[in-house]
Structure formats: C-alpha cells, structure tokens
Amino acid sequence: LGLVPQWAAPPTVAQALAWAQQTLTAGSAASGSSEAALEARLLLAHALDSSPARLLAHPETPLATHAWEHLQGWVARRLAGEPLAYVLGRWGFWDLELLVTPAVLVPRPETEHLVELALERLGPGPATVAEVGTGSGAVALALARERPAWRILATDLCPQALAVARENRDALGLAARVSLLQGDACAPLAGERLDLLVTNPPYVAEGDPCLEALRHEPRMALVAGPTGLELIGRIARQARALLRPGGWLLLEHGAGQGRAVAALLRRLGYREVVDHPDLAGRPRVAVGRWEGGR
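Enquirer: What exactly am I supposed to notice about helix 4 (residues 65–79) here?
Expert: In an α-helix, one full turn covers 3.6 residues, which means residues spaced three or four apart are oriented alike. Between its terminal C-alpha atoms helix 4 stretches 21 Å, which fits the 21 Å expected from 15 residues at 1.5 Å a residue. Those residues of helix 4 that fall on the buried side of the exposure criterion are Ala-67, Trp-68, Leu-71, Gln-72, Trp-74, Val-75 and Arg-78. Of the surrounding elements, those touching the buried residues of helix 4 are helix 1 (13–26), helix 2 (33–48) and helix 5 (84–88). Of the residues one or two after helix 4, Gly-81 is the one with positive phi, at around 95°.

Enquirer: Got a minute to help me understand the packing of helix 6 (residues 112–121) against helix 7 (residues 138–146) in this structure?
Expert: Packed helices, taken two at a time, are described by the angle their axes make and the gap between the axes. Contact geometry for helix 6 and helix 7: axes closest at 10 Å, N-to-C directions at 40°. When the axes of helix 6 and helix 7 are compared, the pair comes out oblique. Handedness of the crossing formed by helix 6 with helix 7: right-handed. The residues of helix 7 that touch helix 6, namely those facing Leu-114, Val-115, Ala-118 and Leu-119, are Val-139, Ala-142, Leu-143 and Glu-146. Grouping the constituent residues of the contact of helix 6 with helix 7 by class yields seven nonpolar, no polar and one charged.

Enquirer: Help me understand the pattern of salt bridges, please; the structure alone is not making it clear to me.
Expert: Between side chains of opposite charge, a pair can form when the charged atoms approach closely. Throughout the structure, instances matching the rule amount to 15 salt bridges. Of the charged contacts, one joins Arg-169 and Asp-170 as a salt bridge, the two residues approaching to 2.9 Å between their closest N and O atoms. On the accessibility criterion, Arg-169 (12% relative accessible area) is buried. Asp-170 gets classed as partly exposed once you look at its relative accessible area, which sits at 42%. Measuring nitrogen to oxygen at the nearest pair gives 3.2 Å for the salt bridge that ties Asp-278 to Arg-284. Note on Arg-284: relative accessible area 6%, which makes it buried. Each member of the salt-bridge network shares a partner with another, and the members are Glu-272, Arg-289 and Glu-291.

Enquirer: It is not clear to me how the sheet that holds strand 4 (residues 150–156) should be interpreted in this structure. Could you clarify?
Expert: Paired through backbone hydrogen bonds, the strands of a sheet run either parallel or antiparallel to each other. Read across the open sheet, the seven strands follow the order 5-4-3-6-9-11-10; overall the sheet is mixed. With partners counted over all chains shown, the strands left at the sheet margins are strand 5 (178–182) and strand 10 (271–277), one partner each. With direction set aside, neighbouring strand axes in the sheet form an average angle of 15°. When strand 4 meets strand 5, the two strands line up parallel, connected through five bridges. Paired with Leu-153 across the strands is Ser-179, a residue of strand 5. The strands touched by helix 6 within the sheet are strand 4, strand 6 (194–199), strand 9 (243–252), strand 10 and strand 11 (283–290), with strand 9 carrying the most contacts at an inclination of about 160°. Along the sheet, helix 9 (residues 230–239) contacts strand 3 (127–132), strand 6 and strand 9; its crossing angle with strand 9, the most-contacted strand, is approximately 170°.

Enquirer: Explain the side chain of Arg-147 to me, please; I cannot follow it from the model alone.
Expert: In this structure, Arg-147 sits in the loop between helix 7 and strand 4. Although buried, Arg-147 forms no salt bridge, and the nearest oppositely charged side chain, Glu-146, lies 5.3 Å from it. Within the local environment of Arg-147, its side chain forms a polar contact with the backbone oxygen of Leu-119, the two atoms lying 3.0 Å apart.

Enquirer: Even after reading the chapter, I still don't get the side chain of Asp-278, so can you show me in this structure?
Expert: Secondary-structure assignment places Asp-278 in the loop between strand 10 and strand 11. According to the relative accessible area criterion, Asp-278 is buried, its value standing at 8%. Among the polar contacts listed, one links the side chain of Asp-278 to the backbone nitrogen of Ala-280, at a separation of 2.9 Å. Residues contacting Asp-278, with those up to four places away along its chain left out, are Glu-110 and Arg-284.

Cut-offs used in this document
- Residues numbered from 1 in each chain as written.
- Predicted model: local features only at pLDDT ≥ 70, side-chain atom pairs only at ≥ 80, totals over all residues.
- Heavy atoms only, no water.
- Helix = DSSP H or I, 4+ residues; strand = E, 2+ residues; numbered from the N terminus.
- Expected span 1.5 Å × (residues − 1).
- Buried < 20%, exposed > 50% of the residue type's maximum accessible area, 1.4 Å probe, protein only.
- Contact = heavy atoms within 4.5 Å.
- Axes fitted to C-alpha atoms, helices over the stretch in contact; angles between N-to-C directions.
- Parallel < 35°, antiparallel > 145°, perpendicular 65-115°, else oblique.
- Left-handed = near helix turned anticlockwise from the far one by under 90°.
- Nonpolar A, V, L, I, M, F, W, Y, C, P; charged D, E, K, R; others polar.
- Salt bridge = Lys/Arg side-chain N within 4 Å of Asp/Glu carboxyl O.
- Pairing = 2+ DSSP bridges.
- Lys, Arg positive; Asp, Glu negative; His and termini not counted.
- Polar contact = N/O pair within 3.5 Å; in protein donor to acceptor, adjacent residues only side chain to side chain.

See below:
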C-alpha cells in the first residue's frame, strides 16, 4: 500500500474514508467510485465496530491506531482480489446476516431466487425439505426462518463448511429445526422422504476462465467436472429415490446450462419442468416435479 499517507497521527474518520475510497478505486478492487465508496464505509465501520451510518455523524473523530492498521490491512486484501465478504467475515442473505469464511462460497443475491421458488412450491404446513450442498447454510436457514413448520435437512461434503453452517444455525436459534449432515451429494439423506429438495451445487466446468476471478473461493464448491453438469446430474438421479410423489426438485445452474438441465430432468422422468430466470433475465433455476415411476 504505497499510497498510505504518512500522517503524524492516525487520521480522522473523514481522512481514512477518503483514503480507502481513493485506494480502492485506483486499485480496481471495486467496479466504480460508488461501489468503492460503499466498500470503504463498510470496511471502516468494521474497523471501528460501528455502523456505516454513524461514520458520517462524527467525521472529525481520530481513529485509534489499531483501527487504522486494520483498515489498511483490509484494503490491501481487497486490492489482492479477496471478496469483501471474507474480509468482513459477515454477509447478508435474504434477511439474515451470516458468518462467511473461505471454507464456503459467498452467498449471491441470485441464489435468493431458490428460496423464493421453494416457498412458492410448498405452503406453511409441515413438510420435510432438504438442501444439498448447504455451504454457509444460507438457503436452508432462510427457509427455516420463513417456514417454522418445516423440518429441514442440510448436507455438505466439506466438514469446514458444515462448521460455518452450524455456527450460523445456532446463532439464529434454528438448531431444533435444521439438521446438518456430512456426505457426498444425496447420500446423507438415504431413507428420507422429502417434499422438496433444493440445491445450488458446483456447476462450473474445469478450465472455465471465470475460475480466475473466483480463485479465493473454495474450488470444491465451484467445479463439478469437465462439463460442469456432473453433480447436477447425480443429484437429479439420486433425488428420485428420496422425493415423495408430487415432490419438487429445485436446481440452481449456470447461465448457459438451462436447456441442458431442463432436458436432463425430462429424461429422468420429472414433470412440470420449468427453467426460471434470475433478475438479470438469465436462466438460473430449473424446477421439476417427481410423480414416481421410472
């Protein structure tokens, strides 16, 4: 951080905020000056254990030395490409604030569509619902918050990810209704009868150029195999033995995979197959209903 000013004393809130915004903008850590301004406020608020709104109320306040050092270190991490969520250690999803570490993917706004579609498929009455590949627990915990009568099972292959999900679950007081299970794909759900299964599995193909931009996030949560469809296919096949007749499968997938995923579900015997776009209009969530049979 060669741009750090050599003030005689730690800077004021206003000075530190201006420095962080200028540094993030110049270093292309944020996509523009408005995003850099927002990130600077969030990082400084985190350093001061305060809220972004309170920063503007006391711009003349000098920073403590440790807060200034923290801010410099966190700006450096952003300049190196580390996601803001990992730097802050917390991230918002639905109406939840979740612990986020490099063991889990950063929850994306488009994944909230999985929650919306699941809530549309089942009412508030008792139901058994599973999420495969829960990561931070974002989807499972959002569903548990919205549907107190649902019994929810959440699986993940990675024990470190499950530890993050467990901390989030317990902090939200949802331990009695959300069970966390370790294992590959649908294997931990053997013997269950589900009304709905939802998943945002790894779906990036090996060698995809986008992986460079995602290098700080866990590769096992991103890459599925040579085509990116490998795990989607396995989950769709395995779910047939778990879903009750009339049960729903909801699969998030890549923007260019919609037709292939919908065709796969139809070949496997799912009915009422629809591929739903995200807010940007890109195909994002394939939904199918299992009526039993083949």
